[in-house]
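In case you want the letters, here they are:
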Amino acid sequence: GVDNTEFIKTQLSEHGLVAEDRWWDVPIVKVSSKTGQWMDDLMDQILLHAEVSELICSKDRNWIGVVLEAYKDIQKWIIANMIVMTGTIKVGDILWVYNTFGKVKKLYNRKWNEIKSAHGGDPIMLLGLNDVPEAGKLGESVKDEKEAKTKISEVLELKPPVWINALLHKISEGEMTQVNLLIKADSRGSLEALKAAISQIETPDNIMFKVVHDDIGNFFDSDLDLAKASDALLIW
């Protein structure tokens, strides 16, 4: 077939992922899902970067994992597909995942075989959470339901920064208010469309939007520093 590696590298760079051969830090490895060709190269790259970054999984610490996807099946079970990042997860453990928790009733590996435990790096299917968690949320094992509920309450009670409350108060009082925005998007076209949409928002006479910075890609520490310095809202 056609080798479109360079085209893919360009697409990735639009998301802030720049390949190593383009003077940045993202390794690119071609693989074939049909033949398995180059999988050894991929594994070598993964192991190399894990060693350089000193990524270590400890089976003896409490479990931490990340949600890949979650849903309710036809029997109303909450199914969570997750990756174990570190620690050990076992049937019977109490888990907290952002705004939900539960007791692990069943665990399955990637081949749908039922298992009793899993360790760092293992993909798992988990049954037992009380609600469907969002993809990308981190999970953690806790000692009991009380600790899980405490962590959930802390998440749900997160308050906006003081300056946001002050901004809302100024708007409600009718004072002239400038709302600073720091916006990023996945491509230049999306960014321009987003900026155009913001410019067309009809606001009261006392409110003005100002874009203090715009770019493509993900947010980085420099963006967060700028947002803090200018009291700007982040929009992606």
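Above this text you will find the structure in question.
As the structure is a prediction and not an experimental result, all values here were calculated from the model. (Residues numbered from 1 in each chain as written. Predicted model: local features only at pLDDT ≥ 70, side-chain atom pairs only at ≥ 80, totals over all residues. Heavy atoms only, no water.)

Undergrad: What is the right way to look at the sheet that holds strand S10 (residues 177-185) in this model?
TA: The strands making up a sheet associate through backbone hydrogen bonding, with each pair oriented either parallel or antiparallel. If you trace the three strands from one edge of the open sheet to the other, you get S11-S10-S12, paired in parallel fashion. The outermost strands of the open sheet, each flanked by one partner alone, are strand S11 (207-216) and strand S12 (232-235). Across the sheet, the mean angle separating the axes of adjacent strands is 25° when strand polarity is ignored. Sheet topology places S10 next to S11; nine bridges connect them, and they run parallel. Bridging across to S11, Val179 finds its partner in Phe209. The sheet contacts of helix H5 (residues 188-199) involve S10, S11 and S12, and relative to S10 the element is tilted by about 160°. (Pairing = 2+ DSSP bridges. Helix = DSSP H or I, 4+ residues; strand = E, 2+ residues; numbered from the N terminus. Axes fitted to C-alpha atoms, helices over the stretch in contact; angles between N-to-C directions. Contact = heavy atoms within 4.5 Å.)

Undergrad: I'm lost on the pattern of salt bridges in this one. Help?
TA: For side chains bearing opposite charge, pairing can occur when the charged atoms are close. Taken as a whole and assessed by the stated rule, the structure comprises six salt bridges. Glu6 serves as the salt-bridge partner of Lys9, at 3.3 Å between the closest nitrogen and oxygen. In this pair, Lys9 and Glu6 both sit in helix H1 (residues 5-13), three residues apart, roughly one turn of the helix. When salt bridges that share partners are traced, they join Glu192, Lys195 and Asp214 into one network. (Salt bridge = Lys/Arg side-chain N within 4 Å of Asp/Glu carboxyl O.)

Undergrad: Sorry, what's going on with the side chain of Ser230 here?
TA: Within the element layout of this structure, Ser230 appears in helix H6 (residues 221-230). In this structure Ser230 comes out as buried when scored by relative accessible area, which is 19%. Among the polar contacts listed, one links the side chain of Ser230 to the backbone oxygen of Leu226, at a separation of 2.7 Å. Dropping the residues within four chain positions of it, Ser230 is found in contact with Asn180 and Val212. (Buried < 20%, exposed > 50% of the residue type's maximum accessible area, 1.4 Å probe, protein only. Polar contact = N/O pair within 3.5 Å; in protein donor to acceptor, adjacent residues only side chain to side chain.)

Undergrad: Is there a simple way to think about the nonpolar core in this case?
TA: Side chains of a nonpolar character, in soluble globular proteins, are inclined to be buried together. Met82, Ile89, Leu95, Leu107, Ile124, Leu126 and Leu129 are the most contacted members of the largest nonpolar core, which totals 16 residues. Among the elements that take part in this core, strand S2 (residues 78-86) stands out by supplying four residues, more than any other. Not counting residues up to four positions away in its chain, the partners in contact with Leu126 are Ile78, Ile79, Ala80, Met82, Ile89, Leu95, Val104, Lys106 and Leu107. Core analysis: the second largest hydrophobic core is formed by eight residues, Leu167, Ala185, Leu191 and Ile198 among them. (Core = buried A, V, L, I, M, F, W, Y, C linked by side-chain atoms within 4.5 Å.)

Undergrad: Just to check I follow, could you spell out H6 for this structure?
TA: In an α-helix, one turn spans 3.6 residues; hence positions three or four apart end up facing the same way. All of the buried residues along H6 are Asp223, Ala227 and Ser230. For H6, the angular spread of buried residues about the axis comes to 80°, placing them on one side. Relative to its buried face, H6 has exposed residues pointing more than 90 degrees away, namely Asp221, Ser222, Lys228 and Ala229. Two residues or fewer past H6, Asp231 is found with a positive phi of approximately 50°. (Arc of directions from axis to C-beta.)

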